[in-house]
Amino acid sequence: MAAGRAAKVGIIGAGSVGATIAYTAMIRGVARRISLFDIASAKVNAEVLDLNHGSLFVPQGMIEGSDDIEVLRGSDVVVMAAGAKRSPGQTRMDLASANAAICAKLLPKVVEVAPDAMLLLITNPVDVITQIALKLTGLPWERVIGSGTVLDSSRFRYLLATHCKVAVQNVHAYIAGEHGDSEIPLWSSASIGSIPLSQWAVKGHGRLTTADKEEIVHNVKDAAFQVIQGKGATNYAIGLAVTNILEALLYDERRVLPLSGLLQGFKGLDDVCLSLPRIVGRKGIEAPLPIPMTVDEEAGLHASAERIRSVVHELGY
Ligand code: NAD
């Protein structure tokens, strides 16, 4: 794999999410070449033109796009961000069948043109799509990665940081499980500046009551809906989150990120893709970290796994 700046990043889908990933990746100079593929040729060409018109103001690189999948040839990472998105009132799981069909059509071709690439799945329901992608491509599990709860965890950390009036970077807290309604906040391992959240009581920086915690979790789960209701899609935060994951992969950063990937013998869970904190580097994802969990958190993880598994089976995979 070409490392860091020498890399080529392919993006499938030039919609709200795919185009914003290209924009954030371009601003941060993540890769030398960013290639967008979308069946909507007018849309992909227009997005590429608009991005290229800003090339003077960002680190040097090349942005190209096409309605021909050949444009992804030789990519080091292929980001899958194409497919149906949620309308208000729909759950992510409602998108499963349409988006699984798109993956069945596209992913074998992706492996043909970019056999050495890592696959980073964003399309929802992302855990189901990640598990299906593993089957469709036959790639090693380390290289089939779902963006998972990276975005949910950043929403969680933002809400905790705002409540406790501290910088978001000093909040360490993860959402695990499904990127969706059954996701689990890992309260027992959450901390701010090394103080376990359960003991947080700092003058002028509030405490977390049970009601505060419930409200924060409600807002994390409802976040996408709140954004979609107002503007039709979520794009900026997911664009930044994906660029962060790309940096971890391409620069071998060994960052700990709650990404979705195959579980094999983790706390009694096998053969299901869901999110847990994992170390991420040039070879892809590692097995989940042995993060301490309460009995309730572990039970939540099992329930989340069951939900994902049942949709995967319903789709015939
Ligand atoms: P969008 O409708 O704006 O864009 C989707 C794009 O996919 C369109 O441009 C369409 O032409 C393209 N497309 C459809 N079928 C295709 C095919 N067969 N080949 C190539 N391109 C194809 O949607 P969006 O808002 O960009 O959302 C895209 C996906 O990302 C959705 O499934 C959404 O739910 C998901 N999403 C995931 C997260 C996450 O955290 N994992 C966050 C936001 C959105």
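What counts, and where the lines are drawn
Residues numbered from 1 in each chain as written. Predicted model: local features only at pLDDT ≥ 70, side-chain atom pairs only at ≥ 80, totals over all residues. Heavy atoms only, no water. Phe/Tyr/Trp six-rings, centres within 6.5 Å; stacked < 30°, edge-to-face > 60°. Helix = DSSP H or I, 4+ residues; strand = E, 2+ residues; numbered from the N terminus. Buried < 20%, exposed > 50% of the residue type's maximum accessible area, 1.4 Å probe, protein only. Lys NZ or Arg CZ within 6 Å of the ring centre and 35° of its normal. Expected span 1.5 Å × (residues − 1). Contact = heavy atoms within 4.5 Å. Pairing = 2+ DSSP bridges. Right-handed = clockwise from strand over helix to strand, strands pointing away. Near = heavy atom within 4 Å. Polar contact = N/O pair within 3.5 Å; in protein donor to acceptor, adjacent residues only side chain to side chain. Areas by Shrake-Rupley, 256 points an atom, 1.4 Å probe, with all protein chains shown as cover. Nonpolar A, V, L, I, M, F, W, Y, C, P; charged D, E, K, R; others polar. Axes fitted to C-alpha atoms, helices over the stretch in contact; angles between N-to-C directions. Parallel < 35°, antiparallel > 145°, perpendicular 65-115°, else oblique. Left-handed = near helix turned anticlockwise from the far one by under 90°.

**Digging into the packing of aromatic side chains**
Moving on, step 1. The full count for this structure, using the stated rule, is one aromatic pair.
Moving on, step 2. With centroids separated by 5.0 Å and ring planes inclined at 75°, the aromatic side chains of phenylalanine 156 and tryptophan 187 adopt a geometry described as edge-to-face. Residue phenylalanine 156 is found in helix α5 (residues 150-164), and its partner tryptophan 187 is found in the loop between β9 (184-185) and β10 (191-192); the two are separated by 31 residues along the sequence. As far as burial versus exposure is concerned, phenylalanine 156 and tryptophan 187 are alike and both buried.
Moving on, step 3. The ring of tryptophan 187 has lysine 213 sitting right over it, with the charged end atom 4.9 Å from the ring centre.

**Details of helix α4 (residues 126-137)**
Moving on, step 1. With 12 residues, α4 ought to run about 16 Å at 1.5 Å a step, and its terminal C-alpha atoms sit 16 Å apart, in line with that.
Moving on, step 2. Of all 12 residues that make up α4, 10 are buried, and the element is covered over most of its length.
Moving on, step 3. If you check which residues of α4 are buried, you get Val126, Asp127, Val128, Ile129, Thr130, Gln131, Ile132, Ala133, Leu134 and Thr137.
Moving on, step 4. Contact partners of the buried residues in α4: α3 (96-113), β5 (118-121), β6 (144-146), β12 (255-266), β13 (269-281) and α8 (295-314).
Moving on, step 5. After α4 finishes, the residue glycine 138 shows a positive phi value of roughly 70°.

**Focus: the pairing of strand β3 (residues 62-66)**
The two faces of the sheet receive side chains in turn, since in a regular strand these alternate between them.
Moving on, step 1. Of the pairings in the sheet, the one linking strand β2 (residues 33-37) to β3 comprises five bridges and is parallel in character. The residue bridging serine 35 from the neighbouring strand is glutamate 64, located in β3.
Moving on, step 2. At this point the chain moves from β2, through helix α2 (residues 41-52), to the parallel β3, and the crossover so formed is right-handed.

**With respect to the site of the ligand**
Moving on, step 1. Not every one of the 25 residues close to the ligand is listed here, only the nearest: Val17, Asp38, Ala84, Ile122 and Asn124.
Moving on, step 2. Measuring from an oxygen atom of the ligand, one finds a backbone N or O atom of glycine 83 at 3.3 Å.
Moving on, step 3. The side chain of asparagine 124 places a nitrogen or oxygen atom 3.0 Å from an oxygen atom of the ligand.
Moving on, step 4. Contact with the protein chains covers 87% of the free accessible surface of the ligand, which is 870 Å².
Moving on, step 5. Mapped by element, the contributors of at least two residues to the shell around the ligand are α1 (16-27) and α3.
Moving on, step 6. The leading source of residues in the shell around the ligand is α3, at three residues.
Moving on, step 7. Residue classes in the shell around the ligand are distributed as 14 nonpolar, nine polar and two charged.

**Observations concerning α2**
Moving on, step 1. End to end, α2 covers 16 Å across 12 residues, agreeing with the expected 16 Å (1.5 Å per residue, within 8%).
Moving on, step 2. Buried positions along α2 lie against α1, β2 and β3.

**Observations concerning the packing of α5 against helix α6 (residues 210-231)**
Moving on, step 1. Relative to each other, α5 and α6 sit at 140°, their axes nearing to 9 Å. Taken together, the axes of α5 and α6 lie oblique to each other. Relative to α6, the crossing made by α5 is right-handed. Facing α5, whose interface residues are Asp152, Arg155, Phe156, Leu159, Leu160 and His163, α6 presents Asp212, Ile216, Asn219, Val220, Ala223 and Ala224.
Moving on, step 2. Classifying every residue of the contact of α5 with α6 by side-chain character gives seven nonpolar, two polar and three charged.

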